[in-house]
Amino acid sequence: MTSREDWWYDEAAGPLVRPYAMVRGRTRPNAPDLHLVTQVRASSFASDQTSLTVEHREIMALCARPLSVAEVAAYLDVPLVVVKVLLSDLIERGDVLVQTSTPKIPDRDLLQAVLDGVRGI
């Protein structure tokens, strides 16, 4: 018999809170430049966390060390878009900092040499 506190959890299905409920129906993050590899970390000057949801607090705890957006989604086991919306909330509040890095594009000659090598196999 389950207790009244366990009504929201189903052993087979997991939590019965749907992802769109976590983000109050929002489907687009306010921070458009959040990519899979974007590094995020909790700010050392985080604001009052009493107004945050459980999911926001979990992200804050995870981001004590820098993580990619993809890693945060994997640790929370929720869809990527949900994590992006939650992270954008925290970024707007100043609780999470984004560490962007510009990907290095390989030299065209190097790419051509790799392509030629693959074709030669």
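If you look the protein chain up in an unreviewed UniProt entry, it shows as DUF742 domain-containing protein from Lentzea pudingi.

S.K.: Explain the side chain of Asp-95 to me, and be specific about the residues and the numbers.
M.R.: When you line up the elements, Asp-95 lands in the loop between helix H4 (80-93) and strand E5 (96-99). Here Arg-93 takes part through its side chain, which lies 2.7 Å from a polar atom of the side chain of Asp-95.

S.K.: So what's going on with the pattern of salt bridges? Which residues, and what values?
M.R.: As enumerated under the stated definition, the model contains one salt bridge in all. Residue Arg-93 pairs with Asp-95 through a salt bridge whose shortest N-O separation is 2.7 Å. With a relative accessible area of 0%, Asp-95 lands in the buried category.

S.K.: Describe in detail the packing of helix H2 (residues 54-62) against helix H3 (residues 69-76), supporting the description with residues and values.
M.R.: It is at 11 Å that the axes of H2 and H3 come closest, and there the two elements cross at 120°. The angle between H2 and H3 places the two elements in the oblique class. Here H2 and H3 pass one another in a crossing that is right-handed. Of the residues in H3, those in contact with Glu-58, Ile-59 and Leu-62 of H2 are Val-72, Tyr-75 and Leu-76. Split into classes, the residues belonging to the contact of H2 with H3 amount to five nonpolar, no polar and one charged.

S.K.: Lay out H3 with the relevant residues and their values.
M.R.: Listing the buried residues of H3 in full gives Val-69, Val-72, Ala-73 and Leu-76. Relative to the axis of H3, the buried residues are bounded by an arc of 100° and lie together on one face. At its buried positions, H3 is contacted by strand E3 (39-42), H2, strand E4 (67-68) and H4. Among the residues trailing H3, Asp-77 stands out with phi positive, at a value near 60°.

S.K.: An account of the nonpolar core is requested, with residue identities and associated values reported.
M.R.: Counting 20 residues, the largest nonpolar core has Val-40, Ile-59, Val-72, Val-83 and Leu-87 as its most contacted members. Breaking this core down by element, the ones donating at least two residues are E3, H2, H3 and H4. With five residues, H4 is the largest single contributor of residues to this core. Discounting chain neighbours no more than four positions away, the residues touching Leu-87 are Leu-34, Val-40, Ile-59, Val-69 and Val-96.

S.K.: Lay out unusual backbone geometry with the relevant residues and their values.
M.R.: For Asp-77, which is not glycine, the phi dihedral falls at a positive 60°. Within the secondary structure, Asp-77 sits in the loop between H3 and H4. Residue class for Asp-77 comes out exposed when judged on its relative accessible area of 69%.

Thresholds applied
- Counting from 1, residues in each chain are numbered in the order their sequence is written.
- In view of the model being predicted, local features appear only for residues whose pLDDT reaches at least 70, and side-chain atom pairs are presented and counted only at 80 or more, with totals across whole chains, interfaces and linings using the full set of residues.
- Only hydrogens and water are set aside; all other atoms, that is, all heavy atoms of the structure, feed into the side-chain values.
- Here a strand is any run of E in DSSP of at least two residues, a helix any run of H or I of at least four, and the numbering for each starts at the N terminus.
- Here a polar contact is taken to be a pair of N or O atoms separated by no more than 3.5 Å, where protein atoms must pair a possible hydrogen donor with a possible acceptor and residues adjacent in sequence count only if both atoms sit in side chains.
- Salt bridge, as applied in this entry: a Lys or Arg side-chain nitrogen positioned within 4 Å of an Asp or Glu carboxyl oxygen.
- Only protein chains enter the accessibility calculation, which uses a 1.4 Å probe; a residue whose area is less than 20% of its type maximum is buried, one above 50% is exposed, and one in between is partly exposed.
- Whenever a helix is involved, its axis is fitted only over the stretch in contact; in every case the axis is a line through C-alpha atoms, and angles between N-to-C directions fall within 0 to 180 degrees.
- Roughly parallel covers angles under 35 degrees, roughly antiparallel covers those over 145, roughly perpendicular covers 65 to 115, and oblique covers all other angles.
- Handedness of a crossing follows from how the near helix is turned relative to the far one, being left-handed for an anticlockwise turn of less than a right angle and right-handed for a clockwise one.
- Whether two residues touch is decided by their heavy atoms; if any such pair falls within 4.5 Å, the residues are in contact.
- Throughout, the ten residues Ala, Val, Leu, Ile, Met, Phe, Trp, Tyr, Cys and Pro are labelled nonpolar, Asp, Glu, Lys and Arg are labelled charged, and all others, Gly among them, are labelled polar.
- The arc in question is traced by the directions running from the helix axis to the C-beta atoms.
- Here, the term nonpolar core denotes a set of buried Ala, Val, Leu, Ile, Met, Phe, Trp, Tyr and Cys residues that are joined through side-chain atoms within 4.5 Å.

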